[in-house]
Structure formats: structure tokens, C-alpha cells
Amino acid sequence: MAKRAGVPAGPLGDDFSFVSPVAKYMLFFFNLLFWMISMVMVAVGLYARLLKHAEAAMACLAVDPAILLIVVGVLTFLITFCGCVGSLRENICLLQVFSVCLTIIFLLQLAAGVLGFVFSDEARGKVSEIINGAIVHYRDDLDLQNLIDFGQKEFSCCGGVSYKDWSQNMYFNCTATNPSRERCSVPFSCCLHDADQAVINTMCGHGMQARGYLEASAFIHTNGCIDKLVNWTHSNLFLLGGIALGLALPQVVGIILARLLINQIRDQIKLQLYNQQHRADPWS
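Now for a description of the structure that goes with this document. Just so it is clear, the structure is predicted and the values come from calculations on it, not from any experiment. (Residues numbered from 1 in each chain as written. Predicted model: local features only at pLDDT ≥ 70, side-chain atom pairs only at ≥ 80, totals over all residues. Heavy atoms only, no water.)

**Details of the overall build of the protein**
Next, step 1: Counting its regular elements, the protein contains 8 helices and 0 strands.
Next, step 2: Seen in sequence order, the protein has helices and strands lined up from the N terminus as α-α-α-α-α-α-α-α.
Next, step 3: Put simply, the protein has 284 residues, and 31% of those count as buried.
Next, step 4: Within the protein, contacts between residues separated by at least 24 positions form 69% of all contacts whose residues are at least 6 apart in sequence.
Next, step 5: Carbon and sulfur atoms provide 69% of the accessible area of the protein, an area that totals close to 17200 Å². (Helix = DSSP H or I, 4+ residues; strand = E, 2+ residues; numbered from the N terminus. Buried < 20%, exposed > 50% of the residue type's maximum accessible area, 1.4 Å probe, protein only. Contact = heavy atoms within 4.5 Å. Areas by Shrake-Rupley, 256 points an atom, 1.4 Å probe, with all protein chains shown as cover.)

Dropping the structure here:
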């Protein structure tokens, strides 16, 4: 009797399985964890978006972190759902969808990292475009406003290239026709703060754009956030590499487990077909 590819030379018992319970349930619980995380992400994003509709009718969709959270959460939910059900039901189709999606995401992240490194000038231009767009919509979105204030305080910077970039915002614009009380000002997050200062003066940036760099530097950070962000990135390459590895590692583990389980399920199907043929024709 000739030996077939992927199955033993003789029939095995019906209780024998090529599918490893360890690989099967590792992949299941791996996906279950990220499936639950994705539901939390969607719930938080929806709550933030609904709350924002109630408080800020002019919220900018293009730079809304809540929308980004919902989109990422829904994609993660769908992908991990395929992994959960596919591993539990030993469904090759769902496991292949899960494996292919993870592979595509991994390759896109790798390509984005390589392109960002190779085309650093273009990446810098894109970052500048994003920051300028965020400055324009600073007062339109509370989440965006808090994010910009946090960034300016953490990096000790103001604006994109310089503090005068805040003239792009309609409230901080320096034109004589601007009726805003914040005309020619900058946000309080640009200000130099004393560590012992208990109460923050939110009007500390009033009229700072009308002052020169040297004069304004006594009260606010005059350097832009783009250069500070680039310098921080160069100084923390090992940290960023560790974060990238931490994001990529679960994806690689998921791909390996999915491919392993797919091959085991295929071997199991071959074994079942072989045993059925052997019982039907014991002389084959």
C-alpha cells in the first residue's frame, strides 16, 4: 500500500487529530484578548464622538481622534473575530482571512517605516501639514485642543515652525479686522511656566505674536514643534524601535499560529479522507 503525502502509511484511530489543542487555544485566546480590546476601543470612540456632537457641533472630522479610534477598533474587531471563530471552529477560510489581513497590516507598517526613513523630507512636510491643519481647527474640537496643548507643554514648543504660525487660526489671527479677544495671541500652553506657580494664567500668551522673537522668548516658547519633534525622534530611536517591535511581535505570532493551524487542519482533512477510503476499500 503506497504512502500518501501528509498522512501515515496506515490508518489511524478516529480519535487521533493532527490539530494541536495548544496551537488552537493559544490562537483563540490571543484573538479573544484583542477582540475585547477592540470592543473597548469602539465603545470609547463612540462615547467620545456622541459627547462631542452634543458639545461641539463644528468638530472637525478630518483630525478627530474619536473617529480614528472607532475605525481602528472596528477593523481589529473584524480581524480578531475571524481569528477567534476560525480557530475555535477549525475553519480554514476564516483563518486564511485572519492570516492574510495580519500579513497585509504588518507589511504596510513595515513599508510605512521604510518610506518614512527614506523619504524623511516628505514625511516632515506631511507632519507640518498635519500640525498646520490642527492649528487651524484648534478651537473647533476639544480633544484636538487638549492634544495640541499637551504636545506644546511636553515638547516646550509653540506652533509648527514658530509661534507666529498661530495666525493661521481665525481666533489668534493678527489682522486688524479680527474682532476676537485672542487676536495676535498664542495658547497658554506656549507660555513659560514657573514650577512653583500654583494657578496657570491662561491669558499669558496675550499679544505675543505682535512681539519679536527675542522679546517674546522671555514669556513663551518661540521654537516650533516640528523641529522639536524631529529632534526627539532622533534622540529616541531605540525607544521607537522597541515600540514598533512590540506592535509587530503579536502580529507575527498570530500569523505563525494561524498558518500552523491551517496546515494541521488540512492534514486532518487528508487523514479523514484517507480513513474513509480505507474503510470503504480495505484492499486499496
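**Focus: a nonpolar patch on the surface**
Next, step 1: On the surface, a cluster of nonpolar side chains totalling about 730 Å² of accessible area is made up of L107, L110, V114, L115, F117, V118 and F119.
Next, step 2: Following the sequence through the fold, L107 ends up in helix 3 (residues 92-118). (Patch = residues over 30% accessible without salt bridge, like charges linked within 9 Å, V, L, I, M, F, W, Y side chains within 5 Å. Salt bridge = Lys/Arg side-chain N within 4 Å of Asp/Glu carboxyl O.)

**Thoughts on the packing of aromatic side chains**
Next, step 1: With the rule as written, the count across this model stands at 10 aromatic pairs.
Next, step 2: Between F28 and F29, the ring centres sit 5.1 Å apart and the planes meet at 70°, which makes this aromatic pair edge-to-face.
Next, step 3: Overall, F28 belongs to the buried group, its relative accessible area being 16%.
Next, step 4: Considering the side-chain rings of Y138 and F172, the 6.0 Å spacing of their centres and the 55° angle between planes classify their relative orientation as tilted. A residue pair is termed long-range when its members are at least 10 positions apart, and Y138 in the loop between helix 4 (120-136) and helix 5 (142-155) and F172 in the loop between helix 5 and helix 6 (213-216) qualify at 34 residues. F172 matches Y138 in its accessibility class, with the two residues each being buried.
Next, step 5: Through a chain of ring-to-ring contacts, three or more aromatic side chains come together here, namely W35, F77 and F81. (Phe/Tyr/Trp six-rings, centres within 6.5 Å; stacked < 30°, edge-to-face > 60°.)

**What to know about the environment of L32**
Next, step 1: Along the chain, the position of L32 falls in helix 1 (residues 21-55).
Next, step 2: A relative accessible area of 21% means that L32 is categorised as partly exposed.
Next, step 3: Along the sequence, L32 and V85 sit 53 residues apart, while their C-alpha atoms lie 9.6 Å from each other.

**Quick word on the packing of helix 2 (residues 65-89) against helix 3**
Next, step 1: Put simply, helix 2 and helix 3 touch, their axes get as near as 8 Å, and they point 145° apart. For the pair helix 2 and helix 3, the sense of crossing is left-handed. Where helix 2 approaches helix 3, its residues I79, C82, G83, V85, G86 and S87 are matched on the opposing element by L94, L95, V97, F98, C101 and I105.
Next, step 2: The residue inventory of the contact of helix 2 with helix 3, partitioned by class, reads 9 nonpolar, 3 polar and no charged. (Axes fitted to C-alpha atoms, helices over the stretch in contact; angles between N-to-C directions. Left-handed = near helix turned anticlockwise from the far one by under 90°. Nonpolar A, V, L, I, M, F, W, Y, C, P; charged D, E, K, R; others polar.)

**A closer look at the nonpolar core**
Next, step 1: I148, C158, Y163, W166, V186, C190 and I220 are the most contacted members of the largest nonpolar core, which totals 18 residues.
Next, step 2: The set of elements that each furnish at least two residues to this core consists of helix 4 and helix 5.
Next, step 3: The element best represented in this core is helix 4, accounting for 3 residues.
Next, step 4: Ignoring anything within four residues of it in the chain, the contact list for Y163 reads C158, V186, M208, Q209, R211, G212, Y213, A216, I220, H221 and T222.
Next, step 5: Counting 15 residues, the second-largest nonpolar core is a separate cluster that includes F30, I92, L95 and I262. (Core = buried A, V, L, I, M, F, W, Y, C linked by side-chain atoms within 4.5 Å.)

**Observations regarding helix 4**
Next, step 1: When the terminal C-alpha atoms of helix 4 are compared, their 24 Å separation across 17 residues agrees well with the 24 Å that a helix rising 1.5 Å per residue should span.
Next, step 2: Those residues of helix 4 lying buried are S128, I131, A134 and I135. Buried residues of helix 4 fall within an arc of 125° about the axis and therefore sit on the same side. The exposed residues of helix 4 that point more than 90 degrees off its buried face are E122 and E129.
Next, step 3: Close packing links the buried residues of helix 4 with helix 5 and helix 7 (225-235). (Expected span 1.5 Å × (residues − 1). Arc of directions from axis to C-beta.)

**Thoughts on unusual backbone geometry**
Next, step 1: For E90, which is not glycine, the phi dihedral falls at a positive 55°.
Next, step 2: Mapped onto the elements, E90 comes out in the loop between helix 2 and helix 3.
Next, step 3: Judged by its relative accessible area of 30%, E90 is partly exposed.

**Concerning the pattern of salt bridges**
Next, step 1: Taken as a whole, this structure holds 4 salt bridges when the rule is applied.
Next, step 2: Two residues, R211 and E215, come together in a salt bridge whose shortest N-O distance is 3.8 Å.
Next, step 3: Taking relative accessible area as the criterion, R211 reaches 27% and is therefore assigned partly exposed.
Next, step 4: On the accessibility criterion, E215 (46% relative accessible area) is partly exposed.

**Points about the packing of helix 4 against helix 7**
Next, step 1: Where helix 4 contacts helix 7, the two axes come as close as 10 Å, and the packing angle between them is 135°. When the axes of helix 4 and helix 7 are compared, the pair comes out oblique. As helix 4 packs across helix 7, the resulting crossing turns out to be right-handed. Side by side, helix 4 and helix 7 meet where R124, V127, S128 and I131 of the first sit next to I226, D227, L229 and V230 of the second.
Next, step 2: Class assignment for the residues of the contact of helix 4 with helix 7 results in 5 nonpolar, 1 polar and 2 charged. (Parallel < 35°, antiparallel > 145°, perpendicular 65-115°, else oblique.)

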